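Architecture and fold: a report
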Amino acid sequence: MSVEELWLGVLRADAAVAARRRETYRRAVEGFVAMEIEVAVPQMSAVLRAEGRSRGRRYALAQSLIGATARVHGLPLYTQDDHGGHARRRRTHGVRVGS
């Protein structure tokens, strides 16, 4: 899904920005290893979404699957999403983001 989001950014950009994004995309996906979605990932995704709702937050399926994949595999997750009103690069292990 992250590859899809990066490529969508290329496709949605005007011509001047698209060329720069295309190069960034090319460098980002070199050596990229896609992770399979095993049963533990959607289960963790459901947990993350339920936890979010209990705190008054709603996470899109794609967001929670990305977070769940990172958490299940014990991998760091970096995001620039501004869902919490803090637009800066952050590292998280799942959906919960700390500064």
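Bear in mind the structure is a predicted one, so any value in this text is a computation, not a measurement.

Here is what the cut-offs are and how they apply
Residues numbered from 1 in each chain as written. Predicted model: local features only at pLDDT ≥ 70, side-chain atom pairs only at ≥ 80, totals over all residues. Heavy atoms only, no water. Salt bridge = Lys/Arg side-chain N within 4 Å of Asp/Glu carboxyl O. Helix = DSSP H or I, 4+ residues; strand = E, 2+ residues; numbered from the N terminus. Buried < 20%, exposed > 50% of the residue type's maximum accessible area, 1.4 Å probe, protein only. Axes fitted to C-alpha atoms, helices over the stretch in contact; angles between N-to-C directions. Left-handed = near helix turned anticlockwise from the far one by under 90°. Contact = heavy atoms within 4.5 Å. Nonpolar A, V, L, I, M, F, W, Y, C, P; charged D, E, K, R; others polar.

Here the focus is the pattern of salt bridges. A full pass over the atoms with the stated rule returns three salt bridges. Here Glu23 and Arg26 are joined by a salt bridge, their closest N and O atoms 2.4 Å apart. Of this pair, Glu23 and Arg26 are both found in helix H2 (residues 15-29), three residues apart, which corresponds to roughly one turn of the helix. We classify Glu23 as partly exposed; its relative accessible area is 32%. Between Arg26 and Glu30 there is a salt bridge whose closest N-O contact spans 2.3 Å. Assessed through its relative accessible area of 40%, Arg26 is described here as partly exposed. Look at the salt bridges and you will find they share partners, linking Glu23, Arg26, Arg27 and Glu30 into a network.

Right, let's get into the packing of helix H3 (residues 40-54) against helix H4 (residues 61-73). Where H3 contacts H4, the axes come no closer than 8 Å and their chain directions differ by 120°. With respect to the hand of their crossing, H3 and H4 are arranged in right-handed fashion. Contacts between H3 and H4 involve Ala40, Val41, Pro42, Met44, Ser45, Leu48, Arg49 and Glu51 from the first element and Leu61, Ser64, Leu65, Gly67, Ala68, Thr69, Arg71 and Val72 from the second. Taken together, the residues of the contact of H3 with H4 break down into nine nonpolar, four polar and three charged.

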